[in-house]
Amino acid sequence: MNGGTISQQERPHQKKLVHRRKKHAKKGSSGVVLSCSQVLDDSDVALRKQCIELCRSMLSASDHPLAPRQRNALCNLPLCIALFMVGVEDVESKLALREHLQELETALGKLVAASTNAQSKQNKSGKVQKAISEALTVVPRIAAELFVNGSGLVKEAARAAWRELGDFIPAETLSSLCASVRGGGDLDADDDNEDKNGDEDEDDDDDEADDPNAAAKTEQFERATAALKLQREAEKASHGANDDPAGSDDDIVLMDTDTMFQQLLGENEGKNSKSLLTSFAASGLDDADANGQKMSKRQKRLRQRQEDVLGKFRELELLEVFLTRFGDKKNIGVEILQELYSALAICCRRAARSAGAVQIPDEDSSKTKRKGKKVSRVDNTLRQLEATLAQRIAKVLQKALRHISGPSAISKIAGWHDADDWAKFARTLFADSLTSKVASAGQRPIEVGSLLLYFFCAAHHAAAHGAANEAGWEVADEIALTALQDWSSKKDCERWCEGVLTVFAGRIPSVLLKLPWLEHIRSCSSRPFVQRAQVSFLANRLSQPLPKGPASEGTVQLAEGFAELCADLLESTLKDDAADAIMSASHKHKLRREGLKGLKAAMKTRTRRGETAAATDDIAKRMVKVATKVRDALPARRGEVYQLCLHVLRSLPQSNAGASTENKSSKEKRLRTSSDDDSQGAKRRRDQASTNENATAVKKNKVSGPKSGPQVAKGNKTAFKDM
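Residues numbered from 1 in each chain as written. Predicted model: local features only at pLDDT ≥ 70, side-chain atom pairs only at ≥ 80, totals over all residues. Heavy atoms only, no water.

Engineer: How would you sum up the packing of aromatic side chains? Please name residues and give values.
Structural biologist: Scanning the model with the defined rule gives 9 aromatic pairs in all. Geometrically, the ring pair formed by tryptophan 422 and phenylalanine 456 is tilted, given 6.1 Å between the ring centres and 40° between the ring planes. Of this pair, tryptophan 422 sits in helix H18 (residues 419-433) while phenylalanine 456 sits in helix H20 (residues 443-464), placing them 34 residues apart in sequence. You'll find tryptophan 422 and phenylalanine 456 in the same group, each marked buried. Chaining the aromatic ring pairs together yields one cluster made of Trp422, Phe425, Phe455 and Phe456. The positively charged end of lysine 155 is found above the aromatic ring belonging to phenylalanine 147, 5.4 Å away from the centroid. Sitting over the face of the ring of phenylalanine 537, arginine 541 holds its NZ or CZ atom 4.9 Å from the ring centroid. (Phe/Tyr/Trp six-rings, centres within 6.5 Å; stacked < 30°, edge-to-face > 60°. Helix = DSSP H or I, 4+ residues; strand = E, 2+ residues; numbered from the N terminus. Buried < 20%, exposed > 50% of the residue type's maximum accessible area, 1.4 Å probe, protein only. Lys NZ or Arg CZ within 6 Å of the ring centre and 35° of its normal.)

Engineer: Could you give me a rundown of the side chain of glutamate 105, with the residues and numbers involved?
Structural biologist: Mapped onto the fold, glutamate 105 is located in helix H4 (residues 91-119). Lysine 110 is the oppositely charged side chain nearest to the buried, salt-bridge-free glutamate 105, at an N-O distance of 10 Å. Not counting residues up to four positions away in its chain, the partners in contact with glutamate 105 are Leu47, Gln50, Cys51 and Leu54. (Lys, Arg positive; Asp, Glu negative; His and termini not counted. Salt bridge = Lys/Arg side-chain N within 4 Å of Asp/Glu carboxyl O. Contact = heavy atoms within 4.5 Å.)

Engineer: Can you lay out the confidence of the model for the protein for me, pointing to particular residues and giving the numbers?
Structural biologist: Overall, the predicted model of the protein reaches an average pLDDT of 74, with 64% of residues at or above 70. Contacts for the low-pLDDT stretch residues 1-32, under 50 throughout, to residues beyond four places or in other chains number 4 contacts. Overall, residues 284-290 carries pLDDT values under 50, and its contacts beyond four positions in sequence, including any with other chains, amount to 6 contacts. (pLDDT = per-residue confidence, 0-100.)

Engineer: Provide a residue-level description of the environment of leucine 136, including the pertinent values.
Structural biologist: Inspection of the secondary structure puts leucine 136 in the loop between helix H5 (125-135) and helix H6 (138-149). Taking the relative accessible area as the measure of exposure, leucine 136 reaches 0% and is therefore buried. With 25 residues separating them in the primary sequence, leucine 136 and leucine 111 have C-alpha atoms 8.2 Å apart. Those residues within four positions of leucine 136 in sequence are excluded, and the remaining contacts are Leu66, Leu74, Leu111, Leu165 and Phe168.

Engineer: I'd like a description of the environment of arginine 507, backed by residues and values.
Structural biologist: Among the structural elements, arginine 507 can be located in helix H22 (residues 494-507). Exposure remark for arginine 507: the relative accessible area of 44% places this residue in the partly exposed category.

Engineer: Quick rundown of the packing of helix H8 (residues 171-182) against helix H14 (residues 297-326)? Include the residues and the values.
Structural biologist: At their nearest, the axes of H8 and H14 sit 9 Å apart, and the two run at 135° to each other. The angle between H8 and H14 falls in the class oblique. The interaxial crossing formed by H8 with H14 has left-handed handedness. From H8, Leu174, Leu177, Cys178, Ser180 and Val181 reach across to H14, where they touch Lys312, Glu315, Leu316, Leu318, Leu319 and Phe322. (Axes fitted to C-alpha atoms, helices over the stretch in contact; angles between N-to-C directions. Parallel < 35°, antiparallel > 145°, perpendicular 65-115°, else oblique. Left-handed = near helix turned anticlockwise from the far one by under 90°.)

Written out as structure tokens, the structure reads:
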């Protein structure tokens, strides 16, 4: 060792390793050509070379009409397909890829020719753009098919091509994707088919009885049994009355090797007969039990539906990419939104029905729906997939609507259709959503449908009056009034009407303030649940800060009338008559809670506008009286209703007149004059002084040490005193 280093002689293994690495590097850099594991046809080799040449021409062009990102995505797709074809062994898959590659090669040839013509001065730019659009029509369709059915590198290349070439996607391709995501819209027909085929699982054994292999084996076994029976009868007749036990050995048939093979192979049987060995092999290869447990027909259908749902996720991803990048640029985006909303409602209902426990009401009450069946593992998995797909569709719609509902986007989109068309879209969507089929789909489609309805109303407003004009929401006013009327009168539409009014209240509050809330709430006395829901809805809207200006005119008047309405509702819970006896305790408690919340919201709205909590002294006295009676009628002075009563009483100026004697006495105790404060202070000082004197006297009289004992005798008295 020299200076702490190891010489080359002491590390021969490292020298060999370095030499081997250099040898491999030298061998790899010598230009060795990689060989393909499969032998390609001459046509495939020629097609690959042609695609490579066209891609080089596309990428090397300096003044090409397409952007560099678009050209890269376009050229990447055929090259990935050509590379992927090398490892494909399935003949059908290889033929499909070859067909896609040929179509892309044709499109690339047209694009190269169009770019060559664009560089010349003979053709105009309009003709060149038309030729490019016609050539690229086939590319998005191929990209969609490869993305949905492909995997790996081809899938990513197809997604990039779809994203970059979205301007050239034809309407037919987008419509087909929407129809595929939507699926079958007639759920009742699907249920009838499922019920019709529900008993097919019980007939599987009967189907197996008709199997020709099973019939041949049964027939051969019967023939062998009959032959053996005849043989034994003949032997018994030949022996006669001989009962020798040794004769029982004659029943044993000994076969040599040739005879055994003849019986197994069936050489002595007819041409149409099947041997035992063939039947045994066929039962293991052809039967469904060969690879595992046999699946019933219903399980096969459910497995196919699972695969279809998984394919819809990829199709939905393509639609999401298009709506995000080109939703505000192409008018087909409106149709895609409508189709996806229908798909969302259908998917939610299908997920609910797949669970087997949720019953969906039918429009025709005479029809009897199927009862819930036992949920299997396949059914549960399918239901989870349907629910996940519904969530995914809802997120895509919300993201797209948020992207295109801005003022600038609305101004641009409003020109795609006339004002009458937008009004027709809004009315049709509202009418379709009122049906029980959409109402039973759940809260998610209601929220998305309300956003889509507002988008149609905003587009109509922009097309008719301009996006900057705050007035002119005729369609929104009409739909909001219809929603309030249907909420009060129709059945099974409360959730949809409440969702629509919630969206309108957050975006166009002027529409909400124009509605006749007080009249409709009073008319719902026969429907207590709807009445409480409307009171709670209006109280929540008034509690939120409304924008000042023309959009919030009439807010103070609405709050005043709403306070009187809530006082009437609270008084109805205090009556001791037949109507009050019919009212349940739970309903009475909930109505009191919502009424007090309404009073609180009304007072808060007036004070926020610079007004008093109550419009007049009479109204204030009435509110104090009602709140006091409700508070005194409570079984215990605690809970939400009690706290709301205290809040109302403290917020009103007339609360002292209506307060109880106990509250007055407690308030008088807290309010003291200055002379009382002085006298109380002097008394406290005298008490404190006397307390200090007593403490000093006790301290002086305290024993400091022992007065007798051996310690004192020894002279330790001083030590005890110091302790």
